[in-house]
Amino acid sequence: MDLSARLSPVLEIAGEHARDVDADGRFPSEAVAALRESGLLGLTLPVDVGGLGAGPHELVSVMSSLAGVCGSTAMIYLMHISAAMPIAVAPPPGMPKLLNQVADGSVLASLAFSEPGSRSHFWAPVSQARREGGDIQLQARKSWVTSAGHAEVYIASTRSVDTEGGVDLFALPADTAGVDVAGPWRGMGLRGNSSTPMTIDAQVPDSNRLGDGGSGFELMLQTVLPWFNLGNSAVSVGLSRAAVDAAIRHTSAVRLEHLDQSLSSLPTIRAQLAKMSIDLASTSAYLAETAGRLVEPQDDTMLYVLGVKAAANDAALRITDAAMRVCGGAAFSEHLQLDRFFRDARAGHVMAPTADVLYDFYGKAITNQPLF
Ligand SMILES: Cc1cc2nc3c(=O)[nH]c(=O)nc-3n(C[C@H](O)[C@H](O)[C@H](O)COP(=O)(O)OP(=O)(O)OC[C@H]3O[C@@H](n4cnc5c(N)ncnc54)[C@H](O)[C@@H]3O)c2cc1C
């Protein structure tokens, strides 16, 4: 499997359109078409269902490279992977072709978890599924769904009909009657994501459920969370790396002619660049360590899964802020595209589980308190 041969054309197309995707707040259709074509939508899915059979390290590499050229495309890709993994673990029996379609790129998937009632506490949907006749009636307001109106399937959460206090996950084809995009959406960053609200008032066969009744919470925590946190951290690292590179390039190139030196010759600027670079290196190492622990699980794997996203999200805020600072007015005036990295980097921090929630979870974990 030559990942770089698959990835190169995607990076080229995503990079070509990144600026106007951001400026116009439009879905990056060209880059998503290239992703479908590349086979990378099936990156982490097993070979026997048409995937590439790759693992956490490859995901980090692809995701961070993509984020470095177009944050919106990277996050769309991440939501697809995060929806694909629970489908692989618990394929809905009523949709026997879904996993192959998600792997071969004919179906783009996303997660519809967040609700206005429980906000960033994605593990606690307040919508309640009901049984009507032989089917499930799913009624929910979803507050943010990346790729809404562009994905072919959404994995939606709801309180379970079968178990008191349990959660169910259902695969909802986008063309199901009663599944509606309630946009428009405008964000300060990741402006191409189409992360709009959705309303769901739809009849769904029981057989569209992933796993047994009430198994959704476990799927969210054991399957979605590790892949989402890993990939979200990789997006933060990709944006951070792009900001460090752009800042080094700019401060080395521009000159203070009256002093006959570059901006990077100023000790304060050099020190800022050094701090950004060290921050990036330590975050990348933490991310690689986490990926390794997902390949070969250890007792502290979950601790890494919790900690790495908070660390990478916060590092991205620090690094992109410092990059704006050292590049001064040139960054503020947009032509360096640093402002895009700065704005895009702020999304990861508030995407659930938010960095602050993760600090709380991590604190509970190391003091032997229950997470929920
Ligand atoms: C670009 C983008 C794309 C998204 N895509 C999707 C998607 O595809 N699918 C989906 O389901 N959702 C998606 N989301 C939603 C996301 O996961 C969160 O649900 C949403 O950002 C939460 O925003 P809120 O204002 O409702 O958070 P709130 O819950 O109101 O949080 C506000 C603040 O309170 C803090 N806070 C909350 N609880 C605690 C706690 N226990 N301890 C400490 N601090 C706490 C939070 O960290 C945050 O800083 C997306 C969000 C963004 C920004």
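The structure this text deals with has already been given above.
These numbers come from a predicted model, not from an experiment. (Residues numbered from 1 in each chain as written. Predicted model: local features only at pLDDT ≥ 70, side-chain atom pairs only at ≥ 80, totals over all residues. Heavy atoms only, no water.)

A. Representation of the nonpolar core in the model. With 118 residues, the main nonpolar core has Leu40, Leu43, Tyr77, Ile155 and Leu338 as its most contacted residues. At 17 residues, helix H6 (residues 216-253) tops the list of elements feeding residues into this core. If we skip the residues at most four places from it in the chain, Leu43 touches Leu3, Leu52, Gly53, Ala54, Glu58, Leu59, Val62 and Tyr77. (Core = buried A, V, L, I, M, F, W, Y, C linked by side-chain atoms within 4.5 Å. Buried < 20%, exposed > 50% of the residue type's maximum accessible area, 1.4 Å probe, protein only. Helix = DSSP H or I, 4+ residues; strand = E, 2+ residues; numbered from the N terminus. Contact = heavy atoms within 4.5 Å.)

B. Here's a closer look at unusual backbone geometry. Cis peptide bonds are those with omega within 30 degrees of zero, and the linkage from Gly183 to Pro184 qualifies with 5 degrees. Following Ala352, the chain continues to Pro353 via a peptide bond in cis, the omega torsion being 0 degrees. Mapped onto the fold, Pro353 is located in the loop between helix H9 (338-350) and helix H10 (355-366). Although it is not a glycine, Ser194 sits at a positive phi angle of roughly 55 degrees.

C. Molecular detail of the side chain of Thr44. Locating Thr44 in the fold gives a position in the loop between helix H2 (29-38) and helix H3 (56-69). Look at Thr44 and you get buried, because its relative accessible area is 8%. For Thr44, the contacting residues outside a window of four places in its chain are Ala54, Gly55, Leu59, Ile81, Met85 and Trp227.

D. Inspection of the sheet that holds strand E1 (residues 109-112) at higher detail. Across the sheet, 3 strands lie side by side as E1-E4-E5; this open sheet has mixed pairing. Lying at the two open borders of the sheet, with one neighbouring strand each, are E1 and strand E5 (167-173). Strand-to-strand twist of the sheet, defined as the mean angle between neighbouring strand axes without regard to direction, takes the value 25 degrees. Here E1 pairs with strand E4 (residues 153-159) via 4 bridges, running parallel. Bridge pairing in E4 places Ser110 opposite Tyr154. Helix-sheet contacts for helix H4 (residues 71-89) involve E1 and E4, and the interaxial angle to E1 is about 85 degrees. The strands touched by H6 within the sheet are E1, E4 and E5, with E5 carrying the most contacts at an inclination of about 75 degrees. (Pairing = 2+ DSSP bridges. Axes fitted to C-alpha atoms, helices over the stretch in contact; angles between N-to-C directions.)

E. Local environment of the layout of surface pockets. Its boundaries defined by the atoms lining it, the largest pocket holds a volume of some 670 Å³. What lines the largest pocket is a set of 31 residues, among which Ser114, Trp144, Val350, Met351 and Ala352 lie closest to the centre. Contributions of two or more residues to the lining of the largest pocket are made by strand E3 (135-145), H6 and H9. Across the lining of the largest pocket, the residue classes break down as 19 nonpolar, 8 polar and 4 charged. Approximately 160 Å³ is the volume attributed to the second largest pocket. (1 Å grid on protein atoms, 1.4 Å probe; cavity = no way out; pocket = protein on both sides within 12 Å on 5 of 7 lines; lining within 4 Å. Points joined across faces, edges and corners; volume = space filled by probe spheres on them. Nonpolar A, V, L, I, M, F, W, Y, C, P; charged D, E, K, R; others polar.)

F. Seen up close, the packing of aromatic side chains. For the structure on display, the rule yields 8 aromatic pairs. For the pair Phe217 and Phe372, a centre-to-centre distance of 5.2 Å together with 75 degrees between the ring planes defines the contact as edge-to-face. Of this pair, Phe217 sits in helix H6 while Phe372 sits in the segment after H10, and the two are 155 residues apart along the sequence. For Phe372, a relative accessible area of 46% translates into the label partly exposed. (Phe/Tyr/Trp six-rings, centres within 6.5 Å; stacked < 30°, edge-to-face > 60°.)

G. Just the sheet that holds strand E6 (residues 179-181), in detail. Spatial strand order, E2-E3-E7-E6: 4 strands in an open sheet with antiparallel pairing. Two strands lie at the open edges of the sheet, namely strand E2 (130-132) and E6, each paired on one side alone. When the angles between neighbouring strand axes are averaged without regard to direction, this sheet yields 20 degrees. By the bridge criterion, 9 bridges tie E3 to strand E7 (residues 196-205) in an arrangement that is antiparallel.

H. Expanded view of the site of the ligand. Around the ligand, 22 residues are found, and the nearest of them are Ser114, Arg119, Ser120, Thr146 and Thr354. Contacts to the ligand include Ser114, whose backbone N or O atom sits 2.8 Å from an oxygen atom. At a separation of 2.8 Å, a nitrogen atom of the ligand approaches a polar side-chain atom of Thr146. Isolated, the ligand exposes 980 Å² of accessible area, and the fraction of that covered by the protein chains is 74%. Among the detected pockets, the ligand sits in the largest pocket. Contributions of two or more residues to the shell around the ligand are made by E1, E3, H9 and H10. For the shell around the ligand, the element with the highest residue contribution is E1, accounting for 3 residues. Each residue belonging to the shell around the ligand can be placed in one class, and the counts come to 12 nonpolar, 8 polar and 2 charged. (Near = heavy atom within 4 Å. Polar contact = N/O pair within 3.5 Å; in protein donor to acceptor, adjacent residues only side chain to side chain. Areas by Shrake-Rupley, 256 points an atom, 1.4 Å probe, with all protein chains shown as cover. Sits in = over half its atoms within 2 Å of the grid points.)

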